[in-house]
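So you can see what is in the structure, the chains are spelled out below.
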Amino acid sequence: MLAATAFAATPHRGRTLHVRPGDSVQAAVDAVGGPGWTIVVHPGTYREVVNIPANAAELTIRGADRTTASDAVIVHDNANGTVKPDGSGTYGTAGSATFTSAAPGLTVRGLTLANDWLRADHPDITGTQAVAAYVTGDRSLFDGVRFLAHQDTLFADTTALDSFDRQYYRNCHIEGDVDFVFGRARAVFERCRLHTLARDVDFTPKGMVFAPATARANPYGFLAARCRITSGAEDAAYKIARPWVPTYETTAWPSLVVRDTWIGPGIDPVTPYTTMRDAYPWQSMRFAEYRNSGPGAVISVPGNRPQLTADRAAEHTRATYLGDWRPHA
């Protein structure tokens, strides 16, 4: 595994910086001289935490090999309950992230963002959330990116409660076990693979794919369109989602639409949704499906998986969620 060392900020073709094994991705981010720069990450494993500040607007970070996301890997291993080196407390969920961005107009392509912290290696830690990416900031695009972790893999959030920051995930692979796509962003997942991991635990469900925490004032939360939900666990071990109403944002009204998606046998078709806290039952949330297929999409109990009409489904599209931002054009 390659350690990150100081990076010589040598521009290539004006506003492009190249990171190679032995360099630090974070040092390249720190060397960015303003909006519109590109950082090219060459094949290798970069064990470090990367933080993109809000003033690094319109930044692009991409793998040198545009077709193989597994070649360039940014990975670290902090968890919610990991004690900080200075002893000042633990990292918390958001602070555990390997990759954090608050930059508007961020584009990430052809990389792997991972958190390889494992519960089994740390039985003394109860805060087991270990985030691969914590994303805020409007107009954040992830194209062909792999997100790897276990609990709370992708924290798709907003810069503030009253900010409806938009995020677009296209052709991505996102895997985990508990609530591994969560947060309050207005986020579209298109043609992504959402993969539930095997878990050696004796309770069900083993976990949930989504845990949206959409602000009540936001008309749109998470949209999964033309995706695939696959599983490494036994049949019916997972739920599609449960609503997250944070203790610090009890006005949240979680929103999730899954449409035109193949749902594999790892999802429980009888009770595909569950409740996180009794005070906020999933039935009172904005959860719906439309034209899904596969063994995990079977409607076996009326009312257990609300379905959109064609007219309502016309409101839940990429164009509606992203508005005047068109990263797909």
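Just above sits the structure.
Given the structure is predicted, the values throughout are model-derived calculations rather than measurements.

(A) Geometry of the overall build of the protein. A count of helical and extended segments in the protein gives 4 helices and 26 strands. Relative to the compact-globule value of 20 Å for 329 residues, the protein shows a C-alpha radius of gyration of 19 Å, a close match. Taken along the three principal axes of its C-alpha coordinates, the protein extends 60 × 50 × 35 Å. Relative to its 329 residues, the protein shows a buried fraction of 57%. Pairs at least 24 residues apart make up 68% of the contacts formed inside the protein by residues separated by at least 6 positions. When the accessible area of the protein is evaluated, it comes to approximately 13300 Å², of which 51% is carbon and sulfur surface. For the protein, the distance from the average position of its 32 positive side-chain charges to the average position of its 33 negative side-chain charges is 7 Å.

(B) Up close: the sheet that holds strand E20 (residues 207-212). Judged by pairing direction, the sheet is parallel, and its 7 strands sit side by side in the order E5-E8-E11-E14-E17-E20-E23 without closing on themselves. Looking along the sheet, the strands with just one partner apiece sit at the ends: strand E5 (50-52) and strand E23 (238-241). On average, each strand axis in the sheet is inclined to that of its neighbour by 15°, with strand direction left out of account.

(C) Quick look at the sheet that holds strand E6 (residues 60-63). In spatial order, the strands read E2-E3-E6-E9-E12-E15-E18-E21-E24-E26; together these 10 strands make up an open sheet with parallel pairing. Either end of the sheet is taken by a strand with one partner, and the two such strands are strand E2 (16-19) and strand E26 (286-290). Across the sheet, the mean angle from the axis of one strand to that of its neighbour is 10°, orientation sign disregarded.

(D) Here's a closer look at the packing of aromatic side chains. Using the criterion set out here, one finds 16 aromatic pairs in the structure. The structure contains a cluster of three or more aromatic residues connected by ring pairs, namely Phe99, Phe142, Phe147, Tyr169, Phe189, Phe210 and Phe222.

(E) A look at the nonpolar core. Ranked by size, the top nonpolar core spans 62 residues in total, and within it Ile39, Phe99, Phe142, Phe147, Tyr169, Phe189 and Phe210 carry the most contacts. Setting aside residues up to four positions removed in sequence, Ile39 forms contacts with Leu17, Val19, Ala28, Val29, Val32, Leu59, Thr60, Ile61 and Arg62. Formed by 13 residues, the second largest nonpolar core is a distinct cluster that contains Leu223, Ala288, Tyr321 and Leu322.

(F) Region of interest: the pairing of strand E12 (residues 140-143). Going residue by residue along E12, you find Ser140 and Phe142 tucked away on one face and Leu141 and Asp143 tucked away on the opposite face as well. In this structure, strand E9 (residues 107-109) lies alongside E12, joined through 3 bridges in parallel fashion. Opposite Val108, over in E12, you have Phe142 as the bridge partner. Two elements, E12 and strand E15 (residues 166-170), share 4 bridges in a ladder whose sense is parallel. Of the residues in E15, the one forming a bridge with Leu141 is Tyr168.

(G) Quick peek at the state of the cysteines. One pass over the structure, following the stated rule, counts 0 disulfides. The closest cysteine sulfur to the non-disulfide-bonded Cys172 is located on Cys192, 4.6 Å from its own sulfur.

(H) Representation of the pattern of salt bridges within the structure. Taken as a whole and assessed by the stated rule, the structure comprises 19 salt bridges. The partner of Glu58 in a salt bridge is Arg139, with the nearest N and O atoms 3.0 Å apart. Of the two residues, Glu58 sits in the loop between E5 and E6 while Arg139 sits in the loop between strand E11 (133-135) and E12, which places them 81 residues apart along the sequence. Under the relative-accessibility criterion, Glu58 is labelled partly exposed at 34%. For Arg184, the salt bridge identified is with Glu249, shortest N-O distance 2.1 Å. Linking Arg184 in the loop between strand E17 (181-183) and strand E18 (186-190) with Glu249 in the loop between E23 and strand E24 (255-259), this pair joins segments that are 65 residues apart in sequence. In this structure, Arg184 and Glu249 share a single accessibility class: buried.

What counts, and where the lines are drawn
Residues numbered from 1 in each chain as written. Predicted model: local features only at pLDDT ≥ 70, side-chain atom pairs only at ≥ 80, totals over all residues. Heavy atoms only, no water. Helix = DSSP H or I, 4+ residues; strand = E, 2+ residues; numbered from the N terminus. Rg over C-alpha atoms; globule rule 2.2 N^0.38 Å. Buried < 20%, exposed > 50% of the residue type's maximum accessible area, 1.4 Å probe, protein only. Contact = heavy atoms within 4.5 Å. Areas by Shrake-Rupley, 256 points an atom, 1.4 Å probe, with all protein chains shown as cover. Lys, Arg positive; Asp, Glu negative; His and termini not counted. Charge placed at Lys NZ, Arg CZ, Asp CG, Glu CD. Pairing = 2+ DSSP bridges. Axes fitted to C-alpha atoms, helices over the stretch in contact; angles between N-to-C directions. Phe/Tyr/Trp six-rings, centres within 6.5 Å; stacked < 30°, edge-to-face > 60°. Core = buried A, V, L, I, M, F, W, Y, C linked by side-chain atoms within 4.5 Å. Disulfide = S-S within 2.5 Å. Salt bridge = Lys/Arg side-chain N within 4 Å of Asp/Glu carboxyl O.

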